[in-house]
Amino acid sequence: MRAALCREYGAPDVVRVEDVAPPQLGDGQVRIRVRAAAVNYPDVLLVANEYQVKVPTPFVPGSEFAGLVAEVADGVTEPAVGDRVSGTGLVGAFTEELVVPAEGVRRIPDAVDDRSAAAFGVSHRTAYNVLRSVARVRAGEELLVLGAAGGVGLATVQLGALLGASVTAVASSQGKLEVASSYGARNLVNHRAGDLRPALREILPQGGDAVVDPVGGSLSEPALRTLRWGGRFVTVGYASGVVPRIPLNLVLLKGVHVLGFEFGAFAAYAADELDRNEQELLGLLADRRVRPHIGATFGLDDAAAALRYVADGKAVGKVVVDVA
Ligand SMILES: NC(=O)c1ccc[n+]([C@@H]2O[C@H](COP(=O)([O-])OP(=O)(O)OC[C@H]3O[C@@H](n4cnc5c(N)ncnc54)[C@H](OP(=O)(O)O)[C@@H]3O)[C@@H](O)[C@H]2O)c1
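Residues numbered from 1 in each chain as written. Predicted model: local features only at pLDDT ≥ 70, side-chain atom pairs only at ≥ 80, totals over all residues.

## As for the overall build of the chain
(1) Moving on: Check the secondary structure of the chain and you find 11 helices and 15 strands.
(2) Moving on: The C-alpha radius of gyration computed for the chain amounts to 20 Å, which stays within 12% of the reference 20 Å derived for 324 residues, consistent with globular compactness.
(3) Moving on: Viewed in the frame of its principal axes, the chain has a C-alpha envelope of about 60 × 40 × 35 Å.
(4) Moving on: With 324 residues in all, the chain has 47% of them scored as buried. (Helix = DSSP H or I, 4+ residues; strand = E, 2+ residues; numbered from the N terminus. Rg over C-alpha atoms; globule rule 2.2 N^0.38 Å. Buried ≥ 20, exposed ≤ 12 C-beta atoms within 10 Å, placed from the backbone.)

Below, the structure written as structure tokens:
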């Protein structure tokens, strides 16, 4: 079978597709014939050895997949051979076959195709948990989304609009903003067109209720300054490569709440909320009320190019590796 391998840390181009032996099936595991995988920004960081978690080389990058169950270990009753399933993990998805714990996969609703199922696992789940449980966004509120055409950002735009918020999208080009608009953003701000702070003040003279920030860097502070008294600022990631420093007097003066979201910690400390959010989100997916936007698709042989595309900030919505 073929798999994309990272044998040494570095830029995305270090990832090469090779023929490798299929992985052995262990107790409680299932073998998945992968049909589609999707790229997330942390995949780039893991290959560069710049993520908060280090994975020893060699490893197969890729953090979300969809495929068919090809084999199950003795005693595994769910899922069954032939089921369509999806799953997420730290690494391992850019391959023709992988083995994972049976409880680590979920069935794909019939109405959802493989690419969409693969592209849904990280961004939409992150966005929904952030909106529902951390920012606690309610209908009628003003929601500001940075990186609004990226994986997490566009999912946040889509789900925020679905929850009834008025969404202001911030992105670096007109093309990206038009996509955000097509998923429900009401106000569009190109942060390359001028200073962000006056642009936001003009659009939101009364201030915003919540900010979701997967970008960091120089955009975070002007976005936080846009919040009204009691607003919520949620830091989700640092795709800009810069962890911002916010003067605490801003928090004091504006009475805002600065919050964070990290999937692993949230799953460990808020398991009940995670379960509730998961059920709600799967319902929205199965009913076709949400759908990941797939902006680019690459073959498995071009896994490095798919990672490069995301590393360069070109991704609009999700980038998929079509393994089938
Ligand atoms: N906390 C969690 O549990 C969690 C879960 C998932 C992801 N994340 C994090 O969230 C962040 C975004 O992930 P994503 O999958 O949405 O990434 P993405 O699809 O690549 O989007 C990131 C956005 O950041 C902006 N950006 C600014 N400077 C950039 C640069 N130097 N390189 C790339 N993008 C840059 C781009 O928007 P513009 O061009 O419009 O400025 C881009 O659309 C990452 O840091 C990731 O690690 C965290």
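## Focus: the pairing of strand β10 (residues 187-190)
(1) Moving on: Here four bridges tie strand β9 (residues 166-171) to β10, and the two strands are oriented parallel to one another. Pairing of Ala 169 across the sheet is with Leu 188, part of β10.
(2) Moving on: This β-α-β element, β9 to helix α5 (residues 174-182) to β10, shows right-handed connectivity. (Pairing = 2+ DSSP bridges. Right-handed = clockwise from strand over helix to strand, strands pointing away.)

## Quick look at the domain arrangement of the chain
(1) Moving on: Looking at the chain, the domain boundaries give domain 1 (2-111 + 288-322) and domain 2 (124-265).
(2) Moving on: Its C-alpha centre places domain 1 at a distance of 28 Å from the equivalent point of domain 2.
(3) Moving on: Residues of the side of domain 1 that touches domain 2, tallied by class, amount to five nonpolar, three polar and two charged. (Domains from an automatic or database assignment. Nonpolar A, V, L, I, M, F, W, Y, C, P; charged D, E, K, R; others polar.)

## Thoughts on the site of the ligand
(1) Moving on: Around the ligand, the surrounding shell holds 29 residues, and the nearest of these are Gly 150, Ser 172, Gly 237, Ala 239 and Gly 313.
(2) Moving on: Elements that contribute at least two residues to the shell around the ligand include exactly α1 (41-47), α3 (123-134) and α4 (151-162).
(3) Moving on: Residue-level mapping places the shell around the ligand at the junction of two domains, with at least three residues from each of domain 1 (2-111 + 288-322) and domain 2 (124-265). (Near = placed C-beta within 6 Å.)

## Digging into the pairing of strand β13 (residues 257-260)
(1) Moving on: Two elements, strand β12 (residues 227-235) and β13, share four bridges in a ladder whose sense is parallel. The residue of β13 that forms the bridge with Val 234 is Leu 259.
(2) Moving on: In this fold, the crossover linking β12 to β13 by way of helix α8 (residues 248-254) has right-handed handedness.

## Notes on unusual backbone geometry
Most peptide bonds are trans, and most residues other than glycine sit at a negative phi.
(1) Moving on: Of the consecutive residues Thr 57 and Pro 58, the connecting peptide bond is found in the cis state with omega at -5°.
(2) Moving on: For Pro 58, the location among the structural elements is in the loop between α1 and β4 (64-72).
(3) Moving on: The peptide bond linking Glu 78 to Pro 79 adopts the cis configuration, its omega dihedral lying at 0°.
(4) Moving on: By secondary structure assignment, the location of Pro 79 is in the loop between β4 and β5 (84-88).
(5) Moving on: A positive phi angle, near 60°, is found at Asn 49, a position not held by glycine.
(6) Moving on: Within the element layout of this structure, Asn 49 appears in the loop between α1 and β4.

## Considerations on the packing of α3 against helix α10 (residues 271-286)
Geometrically, a packed helix pair is captured by the angle between its two axes and the distance between the axes.
(1) Moving on: Between α3 and α10, the least distance of the axes is 10 Å, while the angle of their chain directions is 120°. Where α3 crosses over α10, the two elements pack in a sense that is right-handed. For the pair formed by α3 and α10, the contact residues are His 124, Arg 125, Tyr 128, Asn 129, Arg 132 and Ser 133 on the first element and Glu 273, Leu 274, Asn 277 and Leu 281 on the second.
(2) Moving on: Grouping the constituent residues of the contact of α3 with α10 by class yields three nonpolar, four polar and three charged. (Axes fitted to C-alpha atoms, helices over the stretch in contact; angles between N-to-C directions. Left-handed = near helix turned anticlockwise from the far one by under 90°. Contact = placed C-beta atoms within 7 Å.)

## Describing α3
(1) Moving on: The end-to-end C-alpha separation of α3 is 15 Å, in line with the 16 Å expected for 12 residues at 1.5 Å each.
(2) Moving on: Of all the 12 residues making up α3, 10 are buried; the element is thus mostly covered by neighbouring parts of the structure.
(3) Moving on: Considered for burial, the residues of α3 that qualify are Ser 123, His 124, Arg 125, Thr 126, Ala 127, Tyr 128, Asn 129, Val 130, Leu 131 and Val 134.
(4) Moving on: Once α3 ends, the next one or two residues include Arg 136, with phi positive near 50°. (Expected span 1.5 Å × (residues − 1).)

## So, the nonpolar core
(1) Moving on: Core analysis: the largest hydrophobic core is formed by 96 residues, its most contacted members being Ala 148, Ala 180 and Val 321.
(2) Moving on: Both of domain 1 (2-111 + 288-322) and domain 2 (124-265) provide at least three residues apiece to this core.
(3) Moving on: For Ala 180, the contacting residues outside a window of four places in its chain are Ala 148, Ala 149, Leu 154, Val 157, Ala 169, Ala 171, Ala 185 and Leu 188. (Core = buried A, V, L, I, M, F, W, Y, C linked by C-beta atoms within 7 Å.)

## Structural notes on the sheet that holds β9
(1) Moving on: Taken in spatial order, the six strands line up as β10-β9-β8-β11-β12-β13 in an open sheet, and their pairing is parallel. Across the chains shown, the open sheet's two edge strands, defined by having one partner strand only, are β10 and β13. This sheet shows a mean twist of 15° between the axes of neighbouring strands, independent of strand direction.
(2) Moving on: Here five bridges tie strand β11 (residues 208-213) to β12, and the two strands are oriented parallel to one another. Considered in β12, the bridge of Val 211 is made with Phe 233.
(3) Moving on: Lying over the sheet, α4 contacts β8 (142-145), β9 and β11, oriented at roughly 170° with respect to β8.
(4) Moving on: Contacts from helix α6 (residues 196-203) reach β9 and β10 within the one sheet, and its direction differs from that of β10 by about 165°.

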